[in-house]
Structures are given as structure tokens and as C-alpha cells.
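If you want the building blocks of each chain, they are given just below.
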Amino acid sequence: MDSLLKHMVDMTGHRDHTMLDISVISAVQELAGAAQTRVFSIATVRGQQFIRSRAIINSGSPARMEAHSDHHGASAPILVCSELKACLARHDTLAERIGADGARTLWLPIWIGDKADTCLEIVHPIPFSSDTLHVIKGIVSVYRNFQNLLDYSERDSLTGLLNRKTFDDQLAKMLQAASHADMPLAQERRHPVSTEKQWLAVIDVDHFKLVNDKFGHLYGDEVLILIANLLQSSFRAQDRVFRFGGEEFVVLLRSTSLDNARRIIERFRSNVAKYDFPQVGNVTVSVGFVSICVSDAPVAILGHADQALYYAKSHGRNQTCHYDELVSSGLLATVASNDTAEFF
């Protein structure tokens, strides 16, 4: 009982989805004695459902976030979990598979209203007792309720993406983590020196006003929802996607190289350009992105990405522009700066 209460306190003490995921799988792993527990996202793209692992814990190991180096291999069609697919279709709360070796996989979708975009997966060599299953379902109920509270305060009501008021906190955490990684001691321990960085991308839908004017706001909203789905399927599990308002989105890309960041962003831009939006047809996006430097103020980092976006939109649209490359090539030049703003 003391252990259960400790986990409940830990789960409800977080104001962050990442730590909430870590807490729930740690609680289930300890209290159920499972071989493996993980939490994954469920996303629908072009009518097909995909699953993407977010956090995992194995027996005898600490819980960790799933840090996919790239989108390929990070997502899998839900058909690989046919029992879960059938469970979701029936709006059930539990699905189970018994493997050839007798190992059991238990899936518990996290239903919020009539939608389940998160699922808990538990692998165990023997059946759970009714008491253990009762405890697991109780933990899942607490997790669902608290996730719902976090979603309500952090999510954009139209697209389901993180909203603008959560951006400052997420960027601050990224800057803090990068600052610790750049400490001299940390640098000495890294061999060879890592070329990975953090990145911020600002995305704007091209000619979105024309979409609203020609087709109406209902179709405009549908375009935004579909682009949000493409954002979630195109970027990696460890990246964070925000709707800034209107037709503007922001992505924080974590721990990747310039070439990888450009490839990930370009994949998204290309996915949007190839997508056939109902009634509207083709829609494109422009993107400006910048590497995150811990010595820069958040407003300066965002300003740099915004300037790269403005360049992309004023030079043909439907393209991705990197701020540092524009500056080094002389296409953008800063004329004055201070700690809170930068002028061009």
C-alpha cells in the first residue's frame, strides 16, 4: 500500500507529459512485476493507424524515453497489434495476446472521451491475478485523469498539439539541458565531441487566407487539423510540436545534426505538398529553422527562425531555409541586437 501511494504521489506531482509517462510505467513495472512496460502514441494518418513508442522500462533497468534517431522505424502500422486494433474499433479498455512461448501482452488504451491516442503495453510471462489487474487498472485510471488535466491546459483545442503557453517552458527545459551538456566537464567526457544540436523550426501555411476566403473556415480548420496530423507523423517521438496560433506552428527538434534536422523538416514539407486535402486540393508550407544556442535569449532564437521563415515566404514559398546559412551567405544580415530583441 505504501508503494502504491508513493507512485500515486509521484504521478500526480508532475506537470509534464514526459515525466508522467515515466512515472506510470515505473509504477506498473514495480507493482505488477512485469517483464516490460511501455507507453506509446496512436496516430491516424490518411485513414491508417500507427503506433510510436514514447517510454519503456524493462525488468531490472530504469525507465527511459524512447529516443528515436529518425522517424523511420519509430512508427509501425497498428496491424502489428491486431488485437489492439480490434479493441480500439470496439472502444474496449483492454486487449490481450498470448504468444507462442506463452508470454502475454496486455494493452490498455487510454480513452479520453471517444478518442484514444495513448496506450499502455505490459508484457508478462504468466497471467496477472485479478488483484494485480485491478491495481493496474486503477493506476491507468489515475494516469488517464491526470493526462486529461494536462492536455486541457497544454493543448490547442482544434489540433490537439501543444499550445503556445507551453512553449516557453519546453524551450527553457531544452536550453537548460543544452547548457549542462556544454559544461567543460561534460565536454571532457564526450569523445569524440558530439555534432548533435537542438533546433527550432517555425512553420507557416502558405496562402492560408486564400483557403479560408475561397472554401470557408470549416475547410480551413480541417486543413490545420490534417497538417497537425502530418506534423505528428513526420517528426520523431522526442520532438515537440506546437500550434502557435492561426496557421503558424513551431517544432523543437532534440539532439540531431544539421543534415538530419534538414531531412526531417524537408520530409514534413514534402508530405504536406503531396497531400490531397479534401475539397481544397494542394497546400504548401514554408519553414525557417535555426540551431539553438544556450547563450541566446529565447526571443532571439525564435526571431532568427522567424526571419528565415520570412525569407522562405518572400522567395517563392514551399521551401525550408536555415537561418545560419542565410547569414553566412550574406542573404540575411543583423544590424543591431540586445538581450531581448534582434533587428534586421
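Everything that follows concerns the structure shown earlier in this document.
Below or above, wherever it landed, is the structure these notes cover. These figures come from a predicted structure and were not determined experimentally.

### Thoughts on the environment of Leu-253
Positionally, Leu-253 belongs in strand β10 (residues 248–256). Sequence separation of Leu-253 and Ala-237 is 16 residues, and the distance between their C-alpha atoms is 9.9 Å.

### Examining the sheet that holds strand β12 (residues 320–322)
Strand order in the open sheet made by the five strands is β9-β10-β8-β11-β12, with mixed pairing throughout. The open sheet is flanked by β9 (240–245) and β12, the only strands paired with a single partner. Sheet twist, expressed as the mean angle between neighbouring strand axes with direction ignored, is 20°. Bridge count between strand β8 (residues 197–205) and strand β11 (residues 285–291): seven bridges; the pairing is antiparallel. What sits directly across from Ile-203, in β11, is Val-287. Relative to β11, helix α9 (residues 258–274) is tilted by about 165°, and along the sheet it contacts β8, β10, β11 and β12.

### Digging into the packing of aromatic side chains
Enumeration over the complete set of coordinates arrives at five aromatic pairs. When the centroid spacing of 4.8 Å and the interplanar angle of 65° are considered together, the rings of Tyr-275 and Phe-277 count as edge-to-face. The residues Tyr-275 and Phe-277 share a single accessibility class, namely buried. Taken together, the ring pairs connect Phe-167, Phe-242 and Phe-244 into an aromatic cluster.

### Some points on the pairing of strand β6 (residues 104–109)
β6 sits mainly inside the fold: five of its six residues count as buried. Two strands pair when backbone bridges link them, and strand β5 (residues 95–98) and β6 are joined in this way by four bridges, in the antiparallel orientation. Across the sheet, residue Ala-95 finds its bridge partner in β6, namely Trp-107. Once β5 ends, the chain turns through five residues before running back antiparallel as β6, passing Gly-102 with a positive phi of about 90°. Note that β6 and strand β7 (residues 118–124) share six bridges and pair antiparallel. Across the sheet, residue Pro-109 finds its bridge partner in β7, namely Cys-119.

Rules of the game
Residues numbered from 1 in each chain as written. Predicted model: local features only at pLDDT ≥ 70, side-chain atom pairs only at ≥ 80, totals over all residues. Heavy atoms only, no water. Helix = DSSP H or I, 4+ residues; strand = E, 2+ residues; numbered from the N terminus. Pairing = 2+ DSSP bridges. Axes fitted to C-alpha atoms, helices over the stretch in contact; angles between N-to-C directions. Contact = heavy atoms within 4.5 Å. Phe/Tyr/Trp six-rings, centres within 6.5 Å; stacked < 30°, edge-to-face > 60°. Buried < 20%, exposed > 50% of the residue type's maximum accessible area, 1.4 Å probe, protein only.

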